[in-house]
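# Working through the structure, step by step
What follows is the residue order along each chain.
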Amino acid sequence: MTAEQKGIIDNLRKAIFEYNVDLAQESAKEAVEKGIDPIEALNAMTVAIKEIGDAFGKGELWLPDLVGASDAMQGATPVLEDEMKRRGVHRESLGVVVAGTVFGDIHSIGKTMVTTLLTAAGYRVEDLGVNVKAEVFIEAIKKHGADMLAMSALMTTTMTEQEKVIDALKKEGIRERVKVMIGGAAVTDEFAEEIGADGYDPTAPGAVELARKLLEKQ
Amino acid sequence: MKGFVRNMKPLDVLTGEQIEQIHSATLHVLRKTGVRFDSKRALQLFEKNGCMVDHDTNRVRFPEGLVEECLRRAPSRFHVRARNPNNDMVWGGNTIYFQALSGTRTVDLDTWEPRTPTRKEYYDAVTVLDGLGHVAIVPWYTPWFGFKHIPPVMAMPEGLAARLRNTSKFTCAGYSMGCEVFNIQMAQAVGAELRTMMAASPPLTFYEETIDAAFRIVEAGFVLLPTSGCVYGGTAPATIAGSLVSGNAEIIAGLVFAQLVRPGTRVIAQDFSFPQNMRTGAPAFGSIEISLHQAAFNQIWHSYGIPTDGGVCYPNSKKIDYQAGYEKAIIAAIGALSGTNTLWIQGAMYGELAFHPVQAVIDDDIAGMLGRFLEGIHVNDETLAVKVIDEVGPIPGHYLNQPHTRKWWKQEQFIPSASDRLTHSEWLKQGKKDCIEIAKERCEAICNTHKVDPPLTESQEQDLERILKEAREHYRKKELLSAIEWEEYQKDLASPGYPYS
Amino acid sequence: MIKEEVMALRGFLRRFKPFELITEEQVEQIHEGTLDVLAESGVKIYNDEALKVFKKNGCTVDFDTKLVRFPPALVEECLRKCPSSFRVKARNPDHDLILGLDHVVFFNFPGRDIVDLKTWESRPPSRQEHIDLVTVLDALPTVHFINNYPYFGYRGIPENMKEMEGAAIRLAHSTKVTMEIANNDIDRFTFRMAKAISTELFANPNTSSPLTCYTDQTNACFLAAEYDLPSMIWDGATAGSTAPASIAGAVITSSAELIPYIVLLQLLKPGARVAVANLALPQNMKTGAPAFGDICVSLHLAAFNQVWRKYGIPTVASSSGVSNSKVIGFQLAYEKTIPSLIAAISGASAVQIHSSVYGEITSHPVQAILDDDIAAMIGRFVEGLEVSEDSLAVDLINKVGPIPGHFLGQAHTRRWWNREQYVTESADRLTYPEWKNAGKKNDIDYAKERMEQILSTHTVQPPLTQSEEEEIEKILHEAREYFRNEGFISSSEWQEYMKTLQEEGRAQE
């Protein structure tokens, strides 16, 4: 790597640490221009994200820092992914996650936090939004070859929809293909076990750790 | 229902200029950014009344004149009708009423772990709330979101039925899966009014289900409670001032909606917002910022001449302990002193996830204390007592045997019913009871002796049961109620003692 | 602003107009009533030196009955002479205290004994436990100064030496400003100790209700003038027994009891620094004890603060620190928090809250740590909210728009959230599953951890020099001999005392 290229990589990292979406995008463009391997560029940012995650774990940084860093990464990712496509290379994502808030429920901030952090951590996330019916989840799982389904339900009246989706996965014969992670303020470990989900975590950063654990086993 | 009257000016945390700045910023957001309404019917209504509507993005932008006109149209004081007219209230101005605050589940008072309550526990808890002297309102989801053996889709109607049966105090109902249709019918069957919320989905969004329910409630002539449940730093700006702007824009949009559907609709504005816990992502219940937000909110909305509903006393502690005590007391005290017209306190434990009737008994004392505080003090010749002071003089003089003392101590003091007031030695002798132990005894006593006044008539009870049956069939037909859920539900309905009213 | 100003403990700044319980006219009526009582009923002052001063300055004095009647003009003049804000110098200038105007500070409420956190029963503390409590108070950021006591001495000390030994501990283990009681004139010794280590402290004349000032308490005013020290005057009436049962009347008697000391202090040294503390409580009409935690406390404090703000003299809320609960639990919290909060928003300059459990009987460092969070929360509240272009964030709201927009990743959020929020240190802030995984830790568990951490890492800055330590010990030695000779310490007490000192390595020759 030339000194100039190293400087660009440093800028990409800087963009993460300074939560600077514009710098991330500019540096990604420069990286492409200067012939830097897009996978290497993405990996450099992923390492920076992980450092921020470690600082969060130590209590030095907070959720806005995690999300700010993730957003900055999103400034660079589309540019680098386009370059990967152009080169015909493929970056191993840690996994494909289909995410959404279940049918009857329109709360999104929790899901948004989780999908943002999952993306930054290196997962490919297909966010289906809110009020998502079971058949829509199933279609997306098939279409994107998902490894994980992440469902959110804030209310007790909609919590049980998560069980319906899992039952639908079974009926469709694809339950074994995906790990199912659920979330929402009223959800509990017992409920997750009862309905046959693979895991549950009450916090957004915790959800990323859980995803790592569940998908590593595969 | 007596409630309390605040006999002094409320606590003001903002200057007049600051209120103007916030109001101006709110109007600007309503005008420039607008609010998203996912309902064709609502969009048409707004457009017809002078708003700028973008039908592609469902964005409604509000002209300032319309906003201020609708704020004027909404009444600043209004009467609300309970099942028992003695429990009617007047909301607005300088009155305050306390209301119970719900949680999803009950709590084991030894392990502090939550669990779903039974139907009997539900009904008994409503009885306790009916029996507590300072609970004026038993709102939606109270005491809990639902109870065992009933399908979630029936939680709201079953909960409302329990409240209409076991309390004659004013109650409320929420909406979900269109259940407000049945709620309205039940309320009308027993001659009660309802208050229902119109909850924005922050930032700046109202979903179809919410809007549909709001249409129904307003058309039925009931009270609407527009609310922003924004979380500052998440679904609203991280600043208290900024979250007030964003949240108030949402609430004003709801208020304008109500006035356009039915001019003169009774509206009470709710502050149900919290800061974001920046470690867990959950709302930071019990935080001091809630009180700053609340105090400013009350001040702003009273400047609009609209009654306020706030002081949502959720602690972050999972136990009935010191932390829960100070978290609830601060929110309650500031809510009361800054002039909220209704205040949520009795019964709530952690977040929105737990409630216990024993907690409600303890909280009822806080309500009584704050109500006493708001009544203020008398300053006149008799209370200034200069003559009595002269008569008693210095030591060895004292006031214990004075007629003045016999008259005034009772008027000044508020004696709580569930607190430890013993001396140390009495306390040791009587088993070291703390407020939880005392409240448990009181809770049991209320359960065993209190009767709702008046009980439902036989025909009212029949109507309720008929409407519930219709709701059950309706959800079964829509397949929102599975066969397994139905079976379990049926068993519960057939249990001896049903419905436990 | 000079660096010295910035370094002092200014507490929190109240940024909105104080809450007013009563009208201006009603404040006037209370003031008129107070002047009336002082001019017509008078106050008994058992101190001949003071009587002479009063007589010389125009009061009507009866040297037989000790009754003094105060002319209104003299009263108002002396009230005017008091500074509305002042600094008290600590041993470490970072701990200088600024009191008055819109500053709100907090401090601890004493308890005689330490409480057992399992059985909730009380016992006298050991010397080390006394030191530990003072160490914790020195470390806590919202303890802006330290009350006398905070336990009443420790085991093995005769009654009359308890507070003096306690004073020595405070002076050695904290550099925060403290105060000293006047009982039996022990302040004659403790003021010398303070001078020897170059710190100021508050003189502490107490009133006796109704309408009485005793000799030793009044002597404290003379000492304060001699040493040029500030005074924190304490009133502790019980409404319905030693004060009228009506709150308006009780505010009059509190004021009428405090004012004679103020007059004396201003006559001795015009411009003397003065603060007034209110520990007025209603009477529990079943038990005869004070009704700690009653809502009357808050009403009284609010009215009292409003009246004294008119006088421009810093007020201290003391009755905010006492509760009737024997356990650290829900009742203790609301009984202490409500009056503390109401005092702070109604204009108190200092609010007493940390460390007390039941009444004035028990105290614990864990409690002090829990109260640190409450004080910080109340402090955050009085500082209000900023309304500015940046905080209103209208452009940002427009940029984010409706759902799916959100504010979490915004620079504005990162910049502001920590300024707006106070994150509690010793509270359960977890969700249910996290809480279960953490072993269901609650506030007391967190506070215990924080206490361990403070005790293992915190050191007083700067520690006393060896000669300062020796000087204090010398004064204690003198005090012991004096009280022994005056008959305040019996032989058996003396023997036990000497044994205690020997065990501590401080044997008296």
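### Side note on the overall build of chain C
The number of helices and strands found in chain C is 19 helices and 19 strands. Taking 509 residues into account, the globule formula puts the C-alpha radius of gyration at 23 Å, and chain C, at 24 Å, falls close to it. Residue burial in chain C is summarised as follows: out of 509 residues, 62% are buried. For chain C, long-range pairs separated by at least 24 residues make up 74% of all intrachain contacts whose partners lie at least 6 apart in sequence.

### What to know about the overall build of chain A
Along the backbone of chain A there are 9 helices and 5 strands. Starting at the N terminus, the α and β elements of chain A follow one another as α-α-α-α-β-α-β-α-β-α-β-α-β-α. Whereas a compact globule of 218 residues would reach a radius of gyration of roughly 17 Å, chain A reaches 18 Å, a difference of no more than 12%. Overall, chain A is about 55 × 40 × 30 Å in size when its C-alpha atoms are taken along their principal axes. In chain A, 72% of the contacts between residues at least 6 apart in sequence involve partners at least 24 apart.

### Description of the domain arrangement of chain A
Residues and elements named next belong to chain A. Considered domain by domain, chain A is made up of domain 1 (3–87) and domain 2 (96–216). Using C-alpha coordinates to define each centre, domain 1 is positioned 27 Å away from domain 2. Taken together, the contact between domain 1 and domain 2 spans 10 residues of the former and 9 residues of the latter. Of all elements in the fold, only α3 (38–57) and α4 (63–87) reach the threshold of two or more residues within the side of domain 1 that touches domain 2. Broken down by element, the residue count for the side of domain 1 that touches domain 2 peaks at 7 residues, all from α4. For the side of domain 1 that touches domain 2, a count of residues per class yields 7 nonpolar, 3 polar and no charged.

### Considering the nonpolar core
One finds Ala 333 of chain B together with Ile 262 of chain C to be the most contacted residues of the largest nonpolar core, which totals 427 residues. At 14 residues, helix α9 (residues 247–268) of chain C tops the list of elements feeding residues into this core. With sequence-adjacent residues up to four places away left out, Ile 262 of chain C is seen in contact with Cys 78, Leu 79, Cys 82, Ile 233 and Val 274 of chain C.

### Examining the domain arrangement of chain C
Residues and elements named next belong to chain C. Parsing chain C into structural domains produces domain 1 (14–384 + 422–462) and domain 2 (466–503). Averaged C-alpha coordinates put domain 1 and domain 2 at centres separated by 28 Å. Sorting the residues of the side of domain 1 that touches domain 2 by element identifies α6 (159–173) and α7 (187–196) as the ones contributing at least two each. The residue inventory of the side of domain 1 that touches domain 2, partitioned by class, reads 11 nonpolar, 3 polar and 1 charged.

### Side note on the interface of chain C and chain B
Contact residues are listed per partner, giving 104 residues for chain C and 102 residues for chain B. Broken down by element, the residue count for the side of chain C that touches chain B peaks at 10 residues, all from helix α11 (residues 330–345) of chain C. Broken down by class, the residue content of the side of chain C that touches chain B amounts to 59 nonpolar, 31 polar and 14 charged.

### So, the packing of helix α10 (residues 322–337) of chain B against helix α11 (residues 357–375) of chain B
Residue and element names in this part refer to chain B. Where α10 meets α11, the closest approach of the two axes is 10 Å, and the angle between their N-to-C directions is 30°. Classified by the interaxial angle, the pair formed by α10 and α11 is roughly parallel. Like other packed secondary-structure pairs, α10 and α11 cross with a definite hand, here right-handed. Side by side, α10 and α11 meet where Lys 328, Ala 329, Ala 332, Ala 333 and Ala 336 of the first sit next to Asp 363, Ile 366, Leu 370 and Leu 374 of the second. For the contact of α10 with α11, the per-class residue count stands at 7 nonpolar, no polar and 2 charged.

### A look at the environment of Gln 294 of chain B
All names here are of chain B. By the element assignment, Gln 294 lies in helix α9 (residues 288–303). In this structure, the C-alpha to C-alpha distance between Gln 294 and Phe 272, residues 22 residues apart in sequence, is 8.8 Å. Here Gln 294 is in contact with Asp 271, Gly 310, Gly 311, Ile 334, Gly 335 and Ser 338, once residues within four sequence places are set aside.

### A closer look at the packing of α6 of chain C against α7 of chain C
Residues and elements named next belong to chain C. Running from N to C, α6 and α7 point in directions that differ by 15°, and their axes come no closer than 10 Å. Compared by their axis directions, α6 and α7 come out roughly parallel. Crossing hand, α6 versus α7: right-handed. Mapping the contact onto sequence places Met 164, Ala 167, Ala 168 and Leu 171 in α6 and Phe 189, Thr 190, Met 193 and Ala 194 in α7.

Calculation notes
- Numbering of residues starts from 1 in each chain and follows the order in which that chain's sequence is written.
- Whichever chain is written first is A, and whichever ligand is written first is 1; the rest continue in order.
- Two thresholds apply to this predicted model, a pLDDT of at least 70 for residue-level local features and 80 or more for giving and counting side-chain atom pairs, whereas whole-chain, interface and lining totals are computed over all residues.
- Every helix listed is a DSSP run of H or I at least four residues long, and every strand listed is a run of E at least two residues long, numbered separately from the N terminus.
- Two things to know: the radius of gyration comes from C-alpha atoms, and the globule rule equals 2.2 Å times the number of residues to the power 0.38.
- The burial label depends on the number of other C-beta atoms within 10 Å of a residue's C-beta. Counts of 20 or more mean buried, 12 or fewer mean exposed, and intermediate counts mean partly exposed, with C-beta atoms placed from the backbone.
- Any residue pair is listed as a contact if its two C-beta atoms, each placed from the backbone, are within 7 Å.
- The split of the chain into domains comes from an automatic or database domain assignment.
- Side-chain classes are defined by residue name, with Ala, Val, Leu, Ile, Met, Phe, Trp, Tyr, Cys and Pro counting as nonpolar, Asp, Glu, Lys and Arg as charged, and the others, Gly among them, as polar.
- Nonpolar core, as used here: buried Ala, Val, Leu, Ile, Met, Phe, Trp, Tyr and Cys residues forming one set through C-beta atoms within 7 Å.
- Between N-to-C directions, angles cover 0 to 180 degrees, with each direction set by a line fitted to C-alpha atoms, over the stretch in contact for helices.
- Any angle between 65 and 115 degrees counts as roughly perpendicular, while under 35 counts as roughly parallel, over 145 as roughly antiparallel, and the rest as oblique.
- What makes a crossing left-handed is the near helix being turned counterclockwise from the far one by less than a right angle; a clockwise turn instead makes it right-handed.

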